[in-house]
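Remarks on the overall topology
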Amino acid sequence: MSENEVNLSCRLELASKVTLKAMGESEGGVLLKLDSGEMYTVNDTTVAFLETLDGKTTLADSVGRLHDIFEVDREILESDLTSIAGDLLDQKLIRIA
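Here is what the cut-offs are and how they apply
- Residues numbered from 1 in each chain as written.
- Predicted model: local features only at pLDDT ≥ 70, side-chain atom pairs only at ≥ 80, totals over all residues.
- Heavy atoms only, no water.
- Core = buried A, V, L, I, M, F, W, Y, C linked by side-chain atoms within 4.5 Å.
- Buried < 20%, exposed > 50% of the residue type's maximum accessible area, 1.4 Å probe, protein only.
- Helix = DSSP H or I, 4+ residues; strand = E, 2+ residues; numbered from the N terminus.
- Contact = heavy atoms within 4.5 Å.
- Pairing = 2+ DSSP bridges.
- Expected span 1.5 Å × (residues − 1).
- Arc of directions from axis to C-beta.
- Polar contact = N/O pair within 3.5 Å; in protein donor to acceptor, adjacent residues only side chain to side chain.

1. What to know about the nonpolar core
What tends to happen in soluble globular proteins is that the nonpolar side chains get buried as a cluster. Grouped together as the largest cluster of nonpolar side chains are 23 residues, with contacts concentrated most on Leu12, Leu31, Phe49, Leu81, Leu88 and Ile94. Contributing elements (two or more residues each) for this core: strand S4 (39-42), helix H1 (44-50), helix H2 (59-69) and helix H3 (74-90). It is H3 that provides the largest number of residues to this core, a total of 5 residues. The residues touching isoleucine 94, leaving out its near neighbours within four places in the chain, are Leu12, Glu13, Leu14, Ala15, Leu50, Leu53, Ala85, Leu88 and Leu89.

Written out as structure tokens, the structure reads:
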């Protein structure tokens, strides 16, 4: 799956056997694939995004939640999160629920 297949109506969640650990304010976080031991570092924005993913919330809902937190243009946030979601899907760190 690529970012071109991600849209605002997608309901996303962490992939099975993937865990997220936030490292603290301004420290980002770590995604760990439990089956392979691969570890990925992510920034604070990505941590905040990943924390909204529950398999029920749409990407549009996540954008709305984060738009209330971060001072950024909504269209830019939609574009950035769609791109991030596409990258995370490609790496099999999240999945479409």
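2. Thoughts on the pairing of strand S3 (residues 28-33)
Most of S3 sits out of view: 5 of its 6 residues are buried. Examined bridge by bridge, strand S2 (residues 18-24) and S3 share 6 bridges and lie antiparallel to one another. Paired with leucine 20 across the two strands is leucine 31, which belongs to S3. Hairpin remark: S2 followed by S3, antiparallel, with 3 residues in the connecting loop; positive phi at serine 26, about 65°. Here S3 pairs with S4 via 4 bridges, running antiparallel. The residue bridging valine 30 from the neighbouring strand is threonine 41, located in S4. Between S3 and the antiparallel strand that follows it, S4, lie 5 residues; glycine 37 among them carries a positive phi value of about 80°.

3. Some details on the side chain of threonine 57
Mapped onto the secondary structure, threonine 57 falls in the loop between H1 and H2. Other than its neighbours up to four places away in sequence, threonine 57 contacts Cys10, Arg11, Leu12, Thr52, Ser62 and Arg65.

4. Brief notes about the environment of threonine 19
Position of threonine 19 among the secondary structure elements: in strand S2. Threonine 19 sits 13 residues away from leucine 32 along the chain, and the two C-alpha atoms are 5.3 Å apart. Contacts of threonine 19, omitting those with residues within four sequence positions, involve Val30, Leu31, Leu32 and Leu34.

5. Overview of H2
Inspection of H2 places Leu59, Ser62, Val63, Gly64 and Leu66 among the buried residues, and these make up the whole buried set. Buried-residue contacts for H2 involve strand S1 (12-14), H1 and H3.

6. Considerations on the side chain of serine 62
Mapped onto the elements of the fold, serine 62 is located in helix H2. According to the relative accessible area criterion, serine 62 is buried, its value standing at 0%. With near-sequence residues (within four places) excluded, serine 62 lies in contact with Phe49, Thr52, Leu53 and Thr57.

7. Section: H3
Between its first and last C-alpha atoms H3 spans 24 Å; for 17 residues at 1.5 Å apiece the expected length is 24 Å, and the two agree. Along H3, the residues that are buried comprise Leu77, Leu81, Thr82, Ala85, Gly86, Leu88 and Leu89. Here the buried residues of H3 occupy an arc of 165° about the axis, which is enough to place them on one side. Against the buried residues of H3 lie S1, S3, H1, H2 and strand S5 (94-96). Measuring from the side-chain oxygen of the N-cap residue of H3 to the backbone nitrogen of glutamate 75 gives 3.2 Å; that N-cap residue is aspartate 73. After H3 finishes, the residue lysine 92 shows a positive phi value of roughly 60°.

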